[in-house]
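# Commentary on secondary and tertiary structure
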Amino acid sequence: MSNTSFFVEVDACLRSKSHEPVCGDYFVSKKIKSEQRVVATLSDGLGSGIKANVLATMTATMAICFTERNEPIQYTAESIMRTLPIDSVRQISYATFTIIDIEPGGETKVVEYGNPNSIVMRGGKQWQPKYEKICFQTFDGKTRELNSYSFAAQKEDRIICFTDGVSQSGIGTKSMPFGWEAEGVTQFATDQLAKNPKLSASELSRKIVERSYVNDTLKHRDDTSCAVIYFRNPRKMLVCTGPPFDKSRDAAYVKQVESFQGHKIVCGGTTSQIIARALNREIEVSLDSVSHLPPSSRMEGFDLITEGIITLGKVVYYLEKLKSSQIQETDPAAEIVRLFFESDIIVFILGTKINNAHQDPSLPVELEIRRNVVKKIVALLEGKFLKEVQMHFI
């Protein structure tokens, strides 16, 4: 999400309890494009494993649905609380949750039940908003209590929310007899931001979860999850693929590409030759690639040059498969995905000249027309990874 002053980056890192097949925590975020709102929910199901995952998923999904419909966030939280059962032995809810609702101007509302209190960082240090305690009765007559607060976000603010797998990591050890606790997480985040004030939401959430793993002596004792929301200047990226429909547009095309400020990649041999020729620059092909994809290349002023349709098809595959912004592969398609994750506003310039090679019926079916592949990428970047994407045809 973006407005006149900042972009909202949302990311999370979730790890399951050691030896459990799935994580009993669940995080979901959504950009409501028509309203330029961002909604995010982190839920922790009781216990661990598949049952906990189902409960957490149900809770987080309900929260997103209620909030998307513009129900008051307090009503949303209360509805979830009245729906969820209570454990008969421990007398606690089967799932905890944190709901964050961010309006276009940065007005942010947070409601918490059961999860550790979120941490708001401003100026690289903890900033404490004014909490409100909300009490209500559930269907069984029990009184439940929520934490709620709202504030106007400023550029470089961060919200860090996490499950008790983070705050209780290290519990019982000599250095952390009561666990890491919120104070330890806050100090760690402060130290990380002092080293790198521009640390991304993805990196900060990952670092907090990895530190929890170290606290637990390299064995997660509980499902361990952290989500970070970062209000900052947007990072931009340009992807140009395909030559212009009319050769007379080449010069305007290249000028638009050259003047772009941000990451720049070119997908397609013909496209890269047009740009290299117009700018009088050399294309250097990487000779050390061991990927099954065509090798990538480099050119002055550009982050990456790749082949076109085959590589973009593999980008679709990665974006569909990934559940977070962490990617381990090292081929050209993975490099593109990695640059996507390092960017917020992604601009595609699509040349509309048809490449006759891709109309050959003997070629594999996955070699779809370029624009359809790009549309799939756009849908995934917007819907799954909350990126702002623009498409221009030439």
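Residues numbered from 1 in each chain as written. Predicted model: local features only at pLDDT ≥ 70, side-chain atom pairs only at ≥ 80, totals over all residues. Heavy atoms only, no water.

## A closer look at the packing of aromatic side chains
Heads up, the rule is: Here a pair means two rings of Phe, Tyr or Trp (six-membered ring of Trp) with centres within 6.5 Å. Their orientation is stacked below 30 degrees between planes, edge-to-face above 60, and tilted elsewhere. Each helix is a run of DSSP H or I of at least 4 residues and each strand a run of E of at least 2, with the numbering of both proceeding from the N terminus. In our convention, an over-ring charge means Lys NZ or Arg CZ found within 6 Å of a ring centre and within 35 degrees of that ring's normal.
Inspection of every chain in the model, using the stated rule, returns 9 aromatic pairs. Their ring planes at 50 degrees and their centres at 5.0 Å tell us that F341 and F385 sit as a pair that is tilted. Here F341 is found in helix 9 (residues 332-341), whereas its partner F385 is found in the loop between helix 10 (370-383) and strand 18 (388-393), with 44 residues between them in sequence. An aromatic cluster is defined as three or more aromatic residues linked by ring pairs; in this entry it consists of W127, Y131, Y149 and F151. Sitting above the plane of the W127 ring, R122 keeps its charged end 4.1 Å from the centroid. In this structure, R158 is placed above the aromatic ring of Y230, and the distance from its NZ or CZ to the ring centre is 3.7 Å.

## Brief notes about the pattern of salt bridges
Formally: The salt bridge criterion pairs a side-chain nitrogen of Lys or Arg with a carboxyl oxygen of Asp or Glu, the two atoms within 4 Å. We call a residue buried when its accessible area falls under 20% of the maximum for its residue type, exposed when it is over 50%, and partly exposed in between, using a 1.4 Å probe and counting protein chains only.
What the rule picks out here adds up to 20 salt bridges. One salt bridge in this structure joins E9 and R235, with 3.9 Å as the shortest N-O distance. One end of the pair, E9, is in strand 1 (residues 7-15); the other, R235, is in the loop between strand 11 (224-232) and strand 12 (236-241), and 226 residues separate them in sequence. In this structure E9 comes out as buried when scored by relative accessible area, which is 5%.

## What to know about the sheet that holds strand 6 (residues 119-122)
Each strand in a sheet pairs with its neighbour through backbone hydrogen bonds, running either in the same direction (parallel) or in the opposite one (antiparallel). Which entries qualify depends on this criterion: Strand pairing is assigned whenever DSSP identifies at least 2 bridges connecting the two strands.
Spatial ordering of the open sheet is given by 1-11-10-6-7, a layout of 5 strands whose pairing is antiparallel. Either end of the sheet is taken by a strand with one partner, and the two such strands are strand 1 and strand 7 (125-126). Bridge analysis of strand 6 against strand 10 (residues 158-162) gives 3 bridges, and the strand direction is antiparallel. Considered in strand 10, the bridge of V120 is made with I159.

## As for the side chain of E112
What counts is decided by this rule: Counting rule for charge: Lys and Arg are taken as positive, Asp and Glu as negative, and neither His nor the chain ends is counted. Here a polar contact is taken to be a pair of N or O atoms separated by no more than 3.5 Å, where protein atoms must pair a possible hydrogen donor with a possible acceptor and residues adjacent in sequence count only if both atoms sit in side chains. Any two residues having at least one pair of non-hydrogen atoms within 4.5 Å are treated as being in contact.
The topology assignment puts E112 in strand 5 (residues 107-113). Buried within the structure, E112 lacks any salt-bridge partner; K133 is the closest side chain of opposite charge, at an N-O distance of 7.4 Å. One polar contact links E112 to S118, side chain to side chain, over a distance of 2.7 Å. Those residues in contact with E112 that lie beyond four places of it in its chain are F97, T98, N117, S118, Y131, L146, N147 and Y149.

## Section: unusual backbone geometry
Positioned with a positive phi, N70 is a non-glycine residue whose angle comes to about 65 degrees. Relative to the helices and strands, N70 resides in the loop between helix 1 (49-68) and helix 2 (73-83). Positive phi values are uncommon outside glycine, yet L386 reaches one of about 60 degrees.

## Here's the deal with the packing of helix 4 (residues 181-195) against helix 5 (residues 201-215)
As a reminder, the rule being used: Only the contacting stretch of a helix is used when fitting its axis, a line to C-alpha atoms as for every element, and angles between N-to-C directions run 0 to 180 degrees. Oblique is the label for any angle not under 35 degrees, not over 145, and not in the 65 to 115 range, which are roughly parallel, roughly antiparallel and roughly perpendicular in turn. Take the far helix as the reference: if the near one is turned anticlockwise from it by less than a right angle, the crossing is left-handed, and if turned clockwise, right-handed. Gly is put with the polar residues, along with every residue not named as nonpolar or charged; the nonpolar set is Ala, Val, Leu, Ile, Met, Phe, Trp, Tyr, Cys and Pro, and the charged set is Asp, Glu, Lys and Arg.
For the pair helix 4 and helix 5, interaxial distance at closest approach is 11 Å and the crossing angle is 130 degrees. The angle between helix 4 and helix 5 falls in the class oblique. Seen from above, helix 4 lies across helix 5 with right-handed handedness. On helix 5, the residues touching V185, F188, A189 and Q192 of helix 4 are L204, K207, I208 and R211. Here the residues of the contact of helix 4 with helix 5 are counted per class, giving 5 nonpolar, 1 polar and 2 charged.

## Points about helix 1
The test is simple: To estimate how far a helix should extend, the number of its residues minus one is multiplied by 1.5 Å.
For helix 1, built from 20 residues, the straight-helix expectation of 28 Å at 1.5 Å per residue is met to within 8% by its first-to-last C-alpha distance of 28 Å. Just beyond helix 1, the residue with positive phi is N70, at close to 65 degrees.

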